[in-house]
Protein chains: 2
Amino acid sequence: MTKFDEATQAIRVDDTTYDVCLDDGYSIGGPLNGGYLMAAMLHAVVDASPHAHPVSTSAQFLRVARPGPARVLLEPLKTGRTAAMTRARLVQDDAPFIEMLVTTATLDGEAAPDWADGPSAVMPDLADCVRLPDPKPESNMNFSAQMELAFDPPTIGWLTGAPTGRPESRAYFRLAEPQDPDPYVLALAVDALPPVVFSAGARGWAPTVELTWHLRALPAPGWLTLIGGGRLISDGWFDEEVEVWDSAGRLVAQSRQIARLGRG
Amino acid sequence: MTKFDEATQAIRVDDTTYDVCLDDGYSIGGPLNGGYLMAAMLHAVVDASPHAHPVSTSAQFLRVARPGPARVLLEPLKTGRTAAMTRARLVQDDAPFIEMLVTTATLDGEAAPDWADGPSAVMPDLADCVRLPDPKPESNMNFSAQMELAFDPPTIGWLTGAPTGRPESRAYFRLAEPQDPDPYVLALAVDALPPVVFSAGARGWAPTVELTWHLRALPAPGWLTLIGGGRLISDGWFDEEVEVWDSAGRLVAQSRQIARLGRG
């Protein structure tokens, strides 16, 4: 079992209750990454579902979750032949931290698309992409060590005082340990980029309020490509869209989150 | 009170219970339109919130709702100074029909954007757009009478056997009765276009599984512009994104839904 599978496993207590142990390895300076938390919750949802894949996930982030034991409470809402719908809640010390609506179904790994658009941006070759410097140990940015991100250089120009001036963030992504991407890795991937607003000149912790992502196909082994953008920064709010493409050139996930601008 | 306001009003029973009367005027051949149902539920959510606007709404469509009395059951999840979060459920005959997660906040009607992208497609002038023919009375497409939609002609080419070959649907939109757009009208607008997959050659009832939309600004009076597209049609599933622009040229709402292809 890989570290990621272990850190996101959900242990069945009964039909609607699962235990998870939230791992400090996915903290971003203290709070845990939202994509990591979604992955753990989705393990519980799919385990309790007659279907194999989390096709649609909407998560509302109520409070910042911390490492340690937590529970996932499920409420089955509908079980159909094609899809099942479940409400899931992440609870720590009896308080809700994330509320989630999930639709599970079983995707056909061999399906050829009826119609497919291409990526919304062209990436340079992997060899021409750049890594972020390792975070300082005291920053508690443990999350960074779990994955490799190789960035399209202009989209991390903000690091050296040269933001592009528009919300964007693009990188190749894979786990640091040898593990092929699966739907749970995709849950991590859609929330793994630095906030797109950094490229537009913003700074600071940008808390996600709501994130919805859809699993569109089962990812092929190899690097994923994350293409992040946004349409509007206004009144303290911004949207962030992330497309995830697999090594076979297929759109495997698409997300949009709405978040608050940091006060950094 | 306009017909739309009346048809979407939510009558307070207690802190967490509201009565609504679902109006046959918003049926699409029997089932009620999803945007209409969201508008009615959002009236309940906002009435019970300390904040004025439904900034983020995720809705999971469990079952097809029919005209008649229904209830909206609320669960407050978090009440903060900037935003409040609520779970809402539409119930008929004790069964859940729609499950929804809503974030309310109070938007500043005068806010100037920090950064704004333009529309993702250019619309022809209103005078060059075309209406759909009136539906046959026996079709029970009452929904069509509630609004005016003036379409970008190629995007309804499917009506006359000439689909564009890609998922798209674009139109100017306003209510048939004199009513300026507000957040509830936007809830209707994001689900008012014919499915984008009709332009890609698909036919038949395309049930929405999940729809998330964000209110980005308070709309100015006048026509709205709806720009609908999609990225992938595969394995029986498709995504549909709708941008809503107001008469002042501002992005006021953005939605994405995941839906099933019809078997038409």
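Keep in mind that this is a model prediction, so the values were computed, not measured.

> Honestly, the overall build of chain A in this entry has me stumped. Any pointers?
Looking only at helices and strands, chain A has three helices and 14 strands in total. A principal-axis box enclosing the C-alpha atoms of chain A has dimensions of 50 × 45 × 40 Å. Within chain A, the proportion of its 264 residues that are buried is 59%. In chain A, 69% of the contacts between residues at least 6 apart in sequence involve partners at least 24 apart. When the accessible surface of chain A is totalled, it reaches about 10,100 Å², and 51% of it is carbon and sulfur. A distance of 6 Å separates the average location of the 21 positive side-chain charges in chain A from that of its 34 negative side-chain charges.

> Can you walk me through the packing of aromatic side chains in this structure?
To describe a pair of aromatic rings, one takes the distance between the centres and the angle between the planes. According to the stated counting rule, one finds six aromatic pairs over all chains in the structure shown. Ring centres of B:Tyr26 and B:Tyr36 lie 4.3 Å apart, and the angle between their planes is 5°; on these two criteria the pair is classed as stacked. Linking B:Tyr26 in the loop between β2 (17-22) and α2 (34-47) with B:Tyr36 in helix α2, this pair joins segments that are 10 residues apart in sequence. Summarising the burial analysis for this pair, B:Tyr26 and B:Tyr36 share the class buried. Ring pairs connect the aromatic residues A:Phe4, A:Tyr26 and A:Tyr36, which therefore count as one cluster. One Lys or Arg, A:Arg260, reaches over the ring of A:Trp237 and ends 4.7 Å from the middle of that ring.

> Quick question: what am I supposed to make of the UniProt feature "domain: Acyl-CoA thioesterase-like C-terminal" (unreviewed entry) in chain A here?
Under the UniProt annotation, the feature "domain: Acyl-CoA thioesterase-like C-terminal" (unreviewed entry) is placed at residues 127-259 of chain A. With 5% helix and 36% strand, the stretch residues 127-259 of chain A has end C-alpha atoms that lie 32 Å from each other.

> When you look at the relation of the copies chain A and chain B in this model, what are you seeing that I'm missing?
One copy of the chain maps onto the second through a rotation around an axis plus a translation along that axis. With an RMSD of 0.0 Å, the operation that places chain A on chain B is a rotation of 180° combined with a shift of 0.0 Å along the axis. With respect to symmetry, the two chain copies, as superposed, fit the operation of a two-fold axis. A share of 100% of interface residues in chain A that are also interface residues in chain B marks the association as one of identical surfaces.

What counts as what
Residues numbered from 1 in each chain as written. Chains lettered and ligands numbered in written order. Predicted model: local features only at pLDDT ≥ 70, side-chain atom pairs only at ≥ 80, totals over all residues. Heavy atoms only, no water. Helix = DSSP H or I, 4+ residues; strand = E, 2+ residues; numbered from the N terminus. Buried < 20%, exposed > 50% of the residue type's maximum accessible area, 1.4 Å probe, protein only. Contact = heavy atoms within 4.5 Å. Areas by Shrake-Rupley, 256 points an atom, 1.4 Å probe, with all protein chains shown as cover. Lys, Arg positive; Asp, Glu negative; His and termini not counted. Charge placed at Lys NZ, Arg CZ, Asp CG, Glu CD. Phe/Tyr/Trp six-rings, centres within 6.5 Å; stacked < 30°, edge-to-face > 60°. Lys NZ or Arg CZ within 6 Å of the ring centre and 35° of its normal. UniProt positions renumbered as here; feature names shortened; annotations may be inferred. Least-squares fit on C-alpha atoms with pLDDT ≥ 70 in both.

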